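# Tertiary structure, described
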Amino acid sequence: MTNADIAAIFTQIADILEYQGEGIFRVRAYRTAAHAIGSMVESLADIQADVNRFLTDIEGIGTDLAAKIKVLLATGTLPLLEELQAAVPAYVFELMRVPGLGPKKVKLLVEELGVASLDDLERACQTGKVQLLKGFGSKTQAKIVANIAFAKNPAHSRLLWSEADAIVQQLLTYLSTCSEVLQISGAGSWRRGQETVGDIDILVDSNNAQTVMNHLHSWPETTTVLLSGDTKTSVRGPRGMQIDLRVVKTESFGAAMQYFTGSKEHNVRLRSRAREYGLTINEYGVYRLTNHEDGESSEVAIDPSKNCSLAGRTEADLYAAVGLPWIPPELREGRGEILLAHNGQLPHLVELADICGDLHMHTTATDGENTLEEMLRCARQRGLNYIAITDHGQRVTMAHGLNAQRLLDQWGEIDRLNESLAVENDSPLVILKGIEVDMLEKGGLDLPDEVLEQADWVVASLHYGQSQPRQQITARIIEAIENRFVSVIGHPTGRLINRRPAYDVDIEAVIEAAARTGTFLEINANPWRLDLNEYHAFAAKQAGVKIVISTDAHSTHGFEVMRCGILQARRAGLEAKDIVNTRSLNGLRQLLQDRPKAKA
Ligand SMILES: [Zn+2]
Ligand SMILES: [Zn+2]
């Protein structure tokens, strides 16, 4: 079981308990634990295996939950979970997948209207019954109709990249213990760093396919063997994920990596380029096309065992055979990358090591789980040169948002911490005085300019009034962009992958305004958000807008998601120079000063 599996189970338990009307404290305990586990880097299995460590050392995990984690790790299930699942009909879970429908709302729909499927719910909305329920209304009803379509889309049941990655890492570690494995790699959409992953592709270089496949079959996480051929097997693993394992020979390993990494669009274009070279590419290697007397060339019946492959050991060889440099997997989407490679214009994609600072995070002053000093200590350990503390402004009452006085007090504390950091000559870390201000529903920000003026860094985000019409939302965001003290727009479209669609915003107008004023746009690296998405981030770069990649960490574990933001930026073709927080602190300050709106 991966951390994500256990977090998902705890979330489900919390949902069912809440559905059953269980007390808020018990529900909250499971939610808090799910959140803590979901954002942890280290696997619970490792902590459990270490005799010197205790699961109860993890924040939010008491003895009861620790015992449950042990059972989950040992057996893959929990008596409580099975009991709860049996007590609640399956359609309840289906209904809870509709964004905005929590356990309480679903309970009303089921009990008052007899809703027992998404189709029932759609009909109940169409006949106007839903809006009559307590706490619903006509707006909510309209939103539910829109969100049913979202829940029905099969793309929204794929795993997040970070969840799939946890499974891939576990699998690679396990398979590497098989002595017949010479080389191993994940491929497919996981390797291309897609936001979500539908199934997992693994490639192994080995001379003994059967042994390797048997090894996968006896993986404790394998629940079902779906298919078992000579060199390919498919199994179901954690969270019902399908895993396809292919075993190839060393001389074909690179060709297979290329082929099974895809995307389909990229491969179609690469194969048509190969034909221009009189070659053909398949998963075994690169072969010369046979020329017939009528001048037609043929790529049928190329038998890898009889024909000599020109390349295929490594991906680089394969690309070189068709006159191209190696193309990073994140760019292989058939969107012009082959032409860029041909012209020697592939971008030098940004890397995790390029990142110097993190400019969006929360502390216990609002809804974070760690104190300012704990965040600071962790940032130092991670080698960051600067961080901005950006707790919520006062509009976010749920998170105990900061009013002007509490914010100024926090900045006083930051001044003191910076002074003490400065005397420790080994520490290059500087804390920036920041805030995540809220764009108010009626327009304007939740803290006055006189306060924002004193900040080093201002993130402006929209958390409320997300269902307002396009024009209104766009106007709120542009107003924030035009505020001269706003540095960056946080999670600019508000979407949560698989959970909530983006709010209706004219992103082109937002990008145009950001370019005009020199306001930055965020790629929020939280794996649920990844907002901006790759298309918007690419469009922003084209318009000359600089991007900030931020973790929005709500705990010290939260820093880890930076790599998800980096992947997102790489898929958008972004280079280090496009990213604000690859700059040194002085470079960052210069960038802020040079913005058109700072000079106006
Ligand atoms: Zn936010
Ligand atoms: Zn935030």
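Note that this is a predicted model, so its numbers are computed, not measured. (Residues numbered from 1 in each chain as written. Chains lettered and ligands numbered in written order. Predicted model: local features only at pLDDT ≥ 70, side-chain atom pairs only at ≥ 80, totals over all residues. Heavy atoms only, no water.)

Looking only at helices and strands, the protein chain has 25 helices and 18 strands in total. Taken over C-alpha atoms, the radius of gyration comes to 26 Å for the protein chain, in line with the 25 Å a tight globule of 600 residues would show. Expressed as lengths along the three principal axes of its C-alpha atoms, the size of the protein chain is roughly 80 × 60 × 60 Å. Burial statistics for the protein chain: of 600 residues in total, 53% are counted as buried. When contacts within the protein chain are restricted to residue pairs at least 6 apart in sequence, those whose partners lie at least 24 apart make up 67%. (Helix = DSSP H or I, 4+ residues; strand = E, 2+ residues; numbered from the N terminus. Rg over C-alpha atoms; globule rule 2.2 N^0.38 Å. Buried < 20%, exposed > 50% of the residue type's maximum accessible area, 1.4 Å probe, protein only. Contact = heavy atoms within 4.5 Å.)

Our focus in this paragraph is the packing of aromatic side chains. The description of an aromatic ring pair uses the distance of the two centres, along with the angle that the planes make with each other. Evaluation of the coordinates by the stated rule reveals 4 aromatic pairs. The ring of Tyr 19 has Lys 107 lying over it, and the distance from NZ or CZ to the ring centre is 5.4 Å. We note Arg 395 situated over the ring of Tyr 464; from NZ or CZ to the ring centre the distance is 3.5 Å. (Phe/Tyr/Trp six-rings, centres within 6.5 Å; stacked < 30°, edge-to-face > 60°. Lys NZ or Arg CZ within 6 Å of the ring centre and 35° of its normal.)

Here the focus is the coordination of the zinc ion (ligand 1). Coordination of the zinc ion (ligand 1) by the protein involves Glu 436 (OE), His 463 (NE2) and His 491 (NE2), with metal-donor separations of 2.2 Å. Here the donor residues for the zinc ion (ligand 1) map to a single chain with the spacing E-x26-H-x27-H. Between the two metals, the zinc ion (ligand 1) and the zinc ion (ligand 2), the spacing is 3.4 Å, and Glu 436 donates to both. Here Glu 436 is found in strand β14 (residues 430-438), whereas its partner His 463 is found in the loop between β15 (457-461) and α20 (470-482), with 27 residues between them in sequence. In terms of burial, Glu 436 and His 463 fall into one category: buried. (Donors = N, O, S within 2.8 Å, 3.2 Å for Na, K, Ca; no water.)

What follows concerns the side chain of Asn 581. Inspection of the secondary structure assignment puts Asn 581 in the loop between α23 (562-571) and α24 (585-593). Here the side chain of Asn 581 touches Gly 357 through a polar contact of 3.0 Å, landing on its backbone oxygen. When neighbours within four sequence positions are excluded, Asn 581 is seen to be in contact with Asp 354, Ile 355, Cys 356, Gly 357, Leu 359, Tyr 386, Ile 547, Val 548, Ile 549 and Met 562. (Polar contact = N/O pair within 3.5 Å; in protein donor to acceptor, adjacent residues only side chain to side chain.)

For strand β5 (residues 224-228) and strand β6 (residues 232-236), the ladder comprises 4 bridges, and the chain directions are antiparallel. Within β6, the position partnered with Ser 228 by the bridge is Thr 233. Linking β5 to β6, which pair antiparallel, is a turn of 3 residues. (Pairing = 2+ DSSP bridges.)

Right, let's talk about the packing of helix α8 (residues 118-126) against helix α9 (residues 137-152) for a bit. Packing of α8 against α9 leaves a shortest axis separation of 10 Å and a crossing angle of 155°. What the angle tells us is that α8 and α9 run roughly antiparallel. You can see that α8 and α9 cross each other, and the crossing is left-handed. Residues Leu 118, Asp 119, Leu 121, Glu 122, Ala 124 and Cys 125 of α8 pack against Gln 141, Ile 144, Val 145, Ile 148, Ala 151 and Lys 152 of α9. (Axes fitted to C-alpha atoms, helices over the stretch in contact; angles between N-to-C directions. Parallel < 35°, antiparallel > 145°, perpendicular 65-115°, else oblique. Left-handed = near helix turned anticlockwise from the far one by under 90°.)

As assigned here, the protein chain comprises domain 1 (3-157), domain 2 (159-248), domain 3 (254-342) and domain 4 (352-599). The centre of domain 3, based on its C-alpha atoms, is set 43 Å off from the matching centre of domain 4. With 4 residues of domain 3 at the contact, the number on the domain 4 side is 6 residues. Summed over both sides, the interface of domain 3 with domain 4 buries roughly 450 Å², with 46% coming from carbon and sulfur. (Domains from an automatic or database assignment. Buried area = accessible area lost by both parts, 1.4 Å probe.)

Right, let's talk about the nonpolar core for a bit. Ile 431, Ile 477, Ile 489, Leu 521, Ile 547 and Ile 549 are the most contacted members of the largest nonpolar core, which totals 63 residues. Top contributing element to this core by residue count: helix α21 (residues 507-517), with 6 residues. Ignoring any residue separated from it by four or fewer positions in sequence, one finds Ile 549 in contact with Ile 523, Ala 525, Met 562, Gly 565, Ile 566, Ala 569, Ile 579 and Asn 581. Leu 17, Leu 72, Leu 118 and Ala 151 belong to the second-largest nonpolar core, a separate cluster that totals 49 residues. (Core = buried A, V, L, I, M, F, W, Y, C linked by side-chain atoms within 4.5 Å.)

Below, the discussion takes up the sheet that holds strand β2 (residues 183-186). Spatially, the 5 strands line up as an open sheet ordered β2-β4-β7-β6-β5, and their pairing is mixed. Two strands lie at the open edges of the sheet, namely β2 and β5, each paired on one side alone. Taking each pair of neighbouring strands and ignoring which way they run, the sheet shows an average axis angle of 20°. Helix-sheet contacts for helix α10 (residues 161-176) involve β2, β4 (200-205) and β7 (242-248), and the interaxial angle to β4 is about 25°.

With that settled, consider the pattern of salt bridges. Tallying each qualifying case throughout the model produces 30 salt bridges. As a salt-bridge pair, Arg 516 and Glu 512 come within 3.5 Å of each other at their nearest N and O atoms. Of this pair, Arg 516 and Glu 512 are both found in helix α21, 4 residues apart, which corresponds to roughly one turn of the helix. Judged by relative accessible area, which is 41%, Arg 516 ranks as partly exposed. Taken together, the shared-partner salt bridges connect Glu 195, Arg 335, Arg 495, Glu 534 and Arg 571 into one network. (Salt bridge = Lys/Arg side-chain N within 4 Å of Asp/Glu carboxyl O.)

The strands making up a sheet associate through backbone hydrogen bonding, with each pair oriented either parallel or antiparallel. Reading across from one edge, β12-β13-β14-β15-β16-β17-β18 is the order of the 7 strands in this open sheet, with parallel pairing throughout. Only two strands of the sheet have a single partner each, and these edge strands are β12 (357-358) and β18 (547-550). As paired strands, strand β16 (residues 488-489) and strand β17 (residues 520-524) are joined by 2 bridges and run parallel to one another. By the bridge assignment for β17, Ile 489 is matched with Leu 521. Across the sheet, helix α18 (residues 404-423) is in contact with β13 (386-389) and β14; its angle to β14 comes to roughly 160°.

You can see Leu 318 is positioned in helix α15 (residues 315-321). Taking the C-alpha atoms as reference, Leu 318 lies 50 Å from Ala 475; in sequence the two are 157 residues apart. Residues in contact with Leu 318, not counting those within four places in the same chain, are Ala 255, Gln 258, Leu 270, Ile 281, Val 286 and Ala 311.

Our next topic: the side chain of Asn 498. For Asn 498, the location among the structural elements is in the loop between β16 and α21. A polar contact of 2.8 Å, which involves the side chain of Asn 498, links it to the backbone oxygen of Arg 158.

Okay, the coordination of the zinc ion (ligand 2) next. For the zinc ion (ligand 2), the protein coordination sphere consists of His 360 (NE2), His 362 (NE2), Glu 436 (OE) and Asp 552 (OD), at 2.1 to 2.3 Å. Geometry at the zinc ion (ligand 2) is irregular, judged from its 4 donor atoms and the angles of 81 to 166° they form at the metal. Of note, the zinc ion (ligand 2) draws all its donor residues from one chain, in the sequence arrangement H-x1-H-x73-E-x115-D. (Tetrahedral: all angles 85-135°; square planar, octahedral: opposite > 155°, others 65-115°.)

Quick reminder: α-helices carry 3.6 residues per turn. Residues three or four places apart thus point the same way. The element α23 is largely enclosed, with a buried count of 9 among its 10 residues. Every buried residue of α23 is listed here: Met 562, Cys 564, Gly 565, Ile 566, Leu 567, Gln 568, Ala 569, Arg 570 and Arg 571. Among the structural elements, α10, β12, β17, α22 (534-542) and β18 are those in contact with the buried residues of α23. Positive phi shows up at Gly 573, right after α23, with a value of about 75°.

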